[in-house]
Amino acid sequence: MRHSPLRRLLCGALTASLLAMPAFGFDTAAQSAWVYDMTTHTVLMDKNGNVPVPPASMSKLMTIFMLFEAVRDGRVAMDTTFGVSSRATEMTARGGSTMYLQEGDRPTVEDLLRGMIVNSGNDACIVVAEGLAGSEEAFSAQMTARARELGMEHSNFANSSGWPDPAHRMSMRDLGILARMLIEDFPEHYPLFAETSYDYKERAPANARNRNPLLGLGIGADGLKTGHTSEAGYGLVGSVKQGDRRIIFAFSGTPDDKARAEEAERITSWAFRQFSLKTLAKSGSRIAEAPVHLGAAETVGLVPAEDIQLLLPAIAQGKVQAEVVYSGPFTAPITAGTTLGELVIDVPELGQTRVPLVAEADVAKGGFMVRMKAAASALQARYFGDEAPAS
């Protein structure tokens, strides 16, 4: 059974929340992008989000994730030291980002994490790969397998650092999934992404600066990783928290670091200013009533178990639609909190959100008279249809 329009309570809240919102419209200059609101689990933009592209150093996030997991599982600790092979030091000679490791160094896990996150060190990635899996080839295979387990369907890793390779690919959506897990699963380590400088053994102060252009702008940015190769262009995986909302995004294919910085700030401004987080109904507020069969009460209230919070775009402009859906009547007894239906809210451009609705209160079985009345009604319907018998 469907009931629409919704109760005045909800419709009024929707209308009030949308009238003052500015005009909606945005198209990123990046070749591919994925923007996600973590607070409401809403995809705000998907531009070629599932297309595998060269991720450059943004794929270091997977190496970092694998090392975080190793720490969590007890396979290593933050003060565990790893050896530095000639293969790792050769990466510095080949160019690209480095934390300037040398053979004979014994960097700790904590050193290596900062070297990967802040310095984007290719050498640090190889040390981690060899330290965890014995070789970079074995580690790359493990990265790919783990990515599949995590739902990252468009990722394949040929190395641990993002060094250019035709087989090394990730999608922006996969990078967004990875960013979300880094934030949610490892809150104790995530602050490392907000550090602005790190210089291992004071070897390269010129390379100590974190390349994330959003850090230090005072807009709530606290991660995650830049990337650049000639093939991939300039990209960024970012995270910004303002008030009760956090957004994450990944984009690739801007032409230079200036364009990358400008696009990152544009995406951030758009995501926070063109969408508004609204509480449409409080938990326990009655949204609708459903009929009850053989109950001490004829109806039961349908309420949300939690506050209904939605992200509403400016483009909605009063066009949000909602309806209550359930299959009734419900037979007593009914226990408060039992899911009986759902509220289906359709937001333009963002699609449907389905919110469970539960019984507002217990409804006991009806007494003798209730059952007799129900039996009489059933007999009348069976033998006389809608017409009452002649007197």
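Now for a quick tour of the structure. (Residues numbered from 1 in each chain as written. Predicted model: local features only at pLDDT ≥ 70, side-chain atom pairs only at ≥ 80, totals over all residues. Heavy atoms only, no water.)

## Description of the packing of aromatic side chains
- Within this structure, the stated rule accounts for eight aromatic pairs.
- Seen from their ring centres, F68 and F193 are 6.4 Å apart, and the 90 degrees between their planes marks the pair as edge-to-face. Taken together, the positions of F68 in helix α2 (residues 60-72) and F193 in the loop between α7 (172-185) and β4 (221-229) put the pair 125 residues apart, joining distant regions of the chain.
- On the basis of an interplanar angle of 85 degrees and a centroid distance of 5.1 Å, the ring pair of W270 and F275 is categorised as edge-to-face. The burial state of W270 is the same as that of F275; both residues are buried.
- Three or more aromatic residues link up through ring pairs in this structure, and these residues are F65, F68, F186, Y190 and F193. (Phe/Tyr/Trp six-rings, centres within 6.5 Å; stacked < 30°, edge-to-face > 60°. Helix = DSSP H or I, 4+ residues; strand = E, 2+ residues; numbered from the N terminus. Buried < 20%, exposed > 50% of the residue type's maximum accessible area, 1.4 Å probe, protein only.)

## Re the nonpolar core
- Of all hydrophobic cores here, the largest spans 57 residues; its most connected members are L61, M62, I64, L178, L182 and F193.
- At the level of elements, β2 (32-37), α2, α3 (86-93), α4 (109-117), α5 (122-133), α6 (136-149), α7 and β6 (245-254) are the ones that each hand at least two residues to this core.
- At nine residues, the largest contribution of residues to this core is made by α2.
- Every residue in contact with F193, bar those within four places of it in the chain, is listed here: L61, I64, F68, I117, L182, N210, L215, D222, G223 and L224.
- Counting residues in each nonpolar core, the second largest holds 27 residues, with I287, I308, F330 and V355 among its members. (Core = buried A, V, L, I, M, F, W, Y, C linked by side-chain atoms within 4.5 Å. Contact = heavy atoms within 4.5 Å.)

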